[in-house]
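Report on the structure
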Amino acid sequence: MVQLSEQYGVTRQPDTMYWCDDSEDLKDIKNPPMGTKAYIIHEKRIVIADSSGKFCDM
């Protein structure tokens, strides 16, 4: 399950944060723009999308 936690900002691309149960849920976030963050609950880690839309550890 993926849930949008926060989305704020007045820039061209708002800052977005998702909560995911596990890493498999990241595939449900389609085309994340650079800087999109996701907290993975079961792994207790935060990942961030790079310029190609791939999530990597912060």
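See the structure above.
The rules behind the values
Residues numbered from 1 in each chain as written. Predicted model: local features only at pLDDT ≥ 70, side-chain atom pairs only at ≥ 80, totals over all residues. Heavy atoms only, no water. Helix = DSSP H or I, 4+ residues; strand = E, 2+ residues; numbered from the N terminus. Buried < 20%, exposed > 50% of the residue type's maximum accessible area, 1.4 Å probe, protein only. Core = buried A, V, L, I, M, F, W, Y, C linked by side-chain atoms within 4.5 Å. Contact = heavy atoms within 4.5 Å. Pairing = 2+ DSSP bridges.

Of note, asparagine 31 is a non-glycine position whose phi angle comes to about 50°, a positive value. Checked against the element boundaries, asparagine 31 lands in the loop between β2 (15-20) and β3 (37-40). Residue classification places asparagine 31 among the exposed positions, given a relative accessible area of 73%. Despite not being glycine, lysine 44 has its phi angle at roughly 50°, a positive value. Within the element layout of this structure, lysine 44 appears in the loop between β3 and β4 (45-49).

Across soluble globular proteins, you tend to see nonpolar side chains buried next to one another. The biggest cluster of nonpolar side chains holds 9 residues, and these are Tyr18, Cys20, Leu26, Ile29, Ala38, Ile40, Val47, Ala49 and Phe55. Mapped onto this core, the elements with two or more residues apiece are β2, β3 and β4. With near-sequence residues (within four places) excluded, leucine 26 lies in contact with Cys20, Ala38, Ile40, Val47 and Phe55.

A few words on the pairing of β3. Across 4 bridges, the pairing between β2 and β3 is parallel. Each residue of the ladder has a partner; that of cysteine 20, found in β3, is isoleucine 40. With 4 bridges connecting them, β3 and β4 associate as antiparallel partners. Along β4, the bridge assignment pairs lysine 37 with isoleucine 48.

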